[in-house]
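Observations on the three-dimensional arrangement
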Amino acid sequence: MKLLRIIGILIGLTIVGYLVHQVGWGVIRHTLGLLEWGYVIVLCYPLSWMVFNTTGWFWALHVQYASRLSLLRLLPIRLAGETFNSLLPSGYVGGEPLKAKLLGGIIPLREATSSVLIAKSAQSIGLVVFVGLGLTLGQNQSSSSIPQRGTWTALAILAGGIAIFSVLLARRSFSRLGRGLYRITRLGWIQRREKYLVSLDESLGNFYREGKGRFFMSIVFHLMGWLAGALEVAVIFWLIDHPIGWRQAWFIGAMAQLASVIGLLVPAGVGLYEGGHYMAASLLGINPALGLSVSLVRRVREIFWDVLGLLFFWKLS
């Protein structure tokens, strides 16, 4: 796995280098220079989807524990976890154990872990809806034929994996997996954790039986978070004096997220994320240099918030 991650990073950096070479650094530098004061807007804008996603996590908590927490208390924990999601090669899920551990200092660890898993399921379902609608809208806006088979196949695989993950959460899968591993390995530490796995399964099962409305609200708020991220694309294009429509922004955001998820082994989807912007802009008939420049602006914003996330992690831990 370590070798695969190193190879993934090298491939990602190679893709970025190739795209920059294709576009020309002078063009990118000129485009980035158009932002000027707009960098302030770009750096502050992520607060929108952070609030939406944190609210989605809040709805993934059991009612009795949600009453103990506020968004202001959950927000720094989520930011710290998302920072590790960005920095670790495991990408989309690397920071989830950290969220559970930090929240476990406030509520029981099994409930914290349950809420993190449920929120990730809701966020993932929201991602499938976001990407699916974004690709559909992009077909109507594209000036060239979209490579449908590849993108829709990738989306179908993503949706299938998320569906399996969501079903397993509600089917006492953790305790079953623990017992199965113990029968195979006979490791004592697995058997000693069986009670915790059983209590986690009970917490998950209770939520899916009694909290269907809360789960739906969690999906809605996470979807709003994805939409806020797509709107950021439109905002950046407007700031560099090349305004685009909301459908085009949604399509670019969807392609970027799909490409980033495909590159799970690469930290922050380096290369694939930028390539998603580049390809989406090309398909829409937009200068691909602008698409690549927008992705680099979003990288600068991401680094800024990753630094803040590390500071929150240091403070919380």
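One can find the structure itself at the top, above this paragraph.
Here is a short report on the structure shown in this document. (Residues numbered from 1 in each chain as written. Predicted model: local features only at pLDDT ≥ 70, side-chain atom pairs only at ≥ 80, totals over all residues. Heavy atoms only, no water.)

Comments concerning the overall build of the protein
For the record, the criterion: Only runs of H or I of at least four residues qualify as helices and only runs of E of at least two qualify as strands under DSSP, and these elements are numbered from the N terminus. Buried means the residue's accessible area, taken with a 1.4 Å probe over protein chains only, is under 20% of the maximum for its type, while exposed means over 50%, and partly exposed covers the values in between. Contacts are assigned to residue pairs that have any heavy atoms within 4.5 Å of one another. Here the accessible surface of atoms and residues is derived via Shrake-Rupley with a 1.4 Å probe, and residues count as covered only by protein chains that are part of the display.
In terms of helices and strands, the protein carries 16 helices and zero strands. Burial analysis of the protein (317 residues in total) assigns 51% to the buried set. Across the protein, every contact between residues at least 6 apart in sequence was considered, and the portion connecting residues at least 24 apart equals 74%. Surface exposure of the protein reaches about 15,400 Å², of which carbon and sulfur atoms provide 68%.

Concerning the side chain of E96
Assignment of secondary structure puts E96 in helix α7 (residues 96-103). Discounting residues that sit within four places of it in the chain, E96 has contacts with E82, N85, V116 and K120.

Considerations on the nonpolar core
Stated formally: For the purposes of this section, nonpolar cores are sets of buried Ala, Val, Leu, Ile, Met, Phe, Trp, Tyr and Cys residues that join through side-chain atoms within 4.5 Å.
Of all hydrophobic cores here, the largest spans 37 residues; its most connected members are F130, V131, L158, F237, I252 and I286. Those elements giving two or more residues to this core turn out to be α8 (109-141), α9 (148-169), α13 (212-239), α14 (246-262), α15 (272-283) and α16 (288-316). Among the elements that line this core, the one with the most residues is α14, at eight residues. Excluding anything up to four places from it in sequence, V131 contacts L155, A254 and L258. Judged by nonpolar contacts, the second largest core, of 27 residues, contains A80, V116, L200 and Y208.

Description of α16
Stated formally: Given the number of residues in a helix, its expected span is that number minus one, multiplied by 1.5 Å. The term polar contact refers here to a pair of N or O atoms within 3.5 Å; inside protein, the definition further demands a hydrogen-donor-capable atom paired with an acceptor-capable atom, and it admits residues adjacent in sequence only when both atoms are side-chain atoms.
Its 29 residues place the ends of α16 41 Å apart at the C-alpha level, agreeing with the 42 Å of an ideal helix rising 1.5 Å per residue. Capping the start of α16, N287 holds a side-chain oxygen 3.0 Å from the backbone nitrogen of A289, two or three residues further along.

What to know about the packing of aromatic side chains
The following threshold applies: In this analysis, rings of Phe, Tyr and Trp, with Trp reduced to its six-membered ring, are considered paired at centre separations within 6.5 Å, and the interplanar angle assigns stacked below 30 degrees, edge-to-face beyond 60, and tilted for intermediate values. The criterion for a charge sitting over a ring is simple: Lys NZ or Arg CZ within 6 Å of the ring centre, and within 35 degrees of the ring normal.
Enumeration over the complete set of coordinates arrives at nine aromatic pairs. Ring geometry for Y45 and W49: centres 5.9 Å apart, planes at 65°, overall edge-to-face. Taking relative accessible area as the criterion, Y45 reaches 18% and is therefore assigned buried. Seen in terms of ring centroids, F304 and W305 are 5.7 Å apart; in terms of plane orientation they differ by 90°. Their pairing is edge-to-face. Residue F304 is classed as partly exposed on the basis of its relative accessible area of 34%. Here the aromatic cluster, defined as three or more aromatic residues joined through ring pairs, consists of F130, W226, W246 and W250. Cation over ring: R214 sits above F58, and NZ or CZ is 5.8 Å from the ring centre.

Looking at the packing of helix α4 (residues 47-59) against α13
Our working rule: Every angle, taken between N-to-C directions, lies between 0 and 180 degrees, and every axis is a line fitted to C-alpha atoms, over only the stretch in contact when it is a helix. Any angle that is under 35 degrees is reported as roughly parallel, and any over 145 degrees as roughly antiparallel; angles of 65 to 115 degrees are reported as roughly perpendicular and all others as oblique. By convention the crossing between two helices is left-handed if the near helix lies anticlockwise of the far one by an angle smaller than a right angle, and right-handed if it lies clockwise.
At a minimum axis distance of 8 Å, the contact between α4 and α13 shows a crossing angle of 170°. Classified by the angle their axes make, α4 and α13 are roughly antiparallel. Relative to α13, α4 is oriented so that their crossing is left-handed. On the side of α4, the interface is formed by S48, W49, F52, N53, T55, G56, W57, F58 and W59, while α13 contributes R214, M217, S218, F221, H222, M224, G225, A228, G229 and E232.

Let's talk about the packing of helix α6 (residues 71-87) against α16
Keep this limit in mind: Each residue receives one of three labels: charged for Asp, Glu, Lys and Arg, nonpolar for Ala, Val, Leu, Ile, Met, Phe, Trp, Tyr, Cys and Pro, and polar for the others, Gly being one of them.
Two elements in contact, α6 and α16, have axes separated by 8 Å at closest approach and are oriented at 120°. Overall, the two elements α6 and α16 adopt an arrangement that is oblique. In this structure, α6 crosses over α16, and the sense of that crossing is left-handed. Where α6 approaches α16, its residues P76, I77, L79, A80, T83, F84, S86 and L87 are matched on the opposing element by E302, W305, D306, L308, G309, L310, F312, F313 and L316. Per-class residue counts for the contact of α6 with α16 are twelve nonpolar, three polar and two charged.

Structural notes on a positive patch on the surface
Quick reminder of the rule: Patches draw on residues past 30% relative accessible area with no salt bridge. Two like charges within 9 Å are joined, as are two nonpolar side chains (Val, Leu, Ile, Met, Phe, Trp, Tyr) within 5 Å. Just to be clear on terms, a salt bridge is a Lys or Arg side-chain nitrogen sitting within 4 Å of an Asp or Glu carboxyl oxygen. Charge counting follows a simple rule: Lys and Arg are positive, Asp and Glu are negative, and His as well as the terminal groups are ignored. Lysine's charge is taken at NZ, arginine's at CZ, aspartate's at CG and glutamate's at CD.
On the surface, a cluster of positive charge is made up of R171, R172, R176, R209 and K212. Within the fold, R172 resides in the loop between α9 and α10 (173-185). We classify R172 as partly exposed; its relative accessible area is 39%.

Everything listed is a geometric property; what it means functionally is a separate question.
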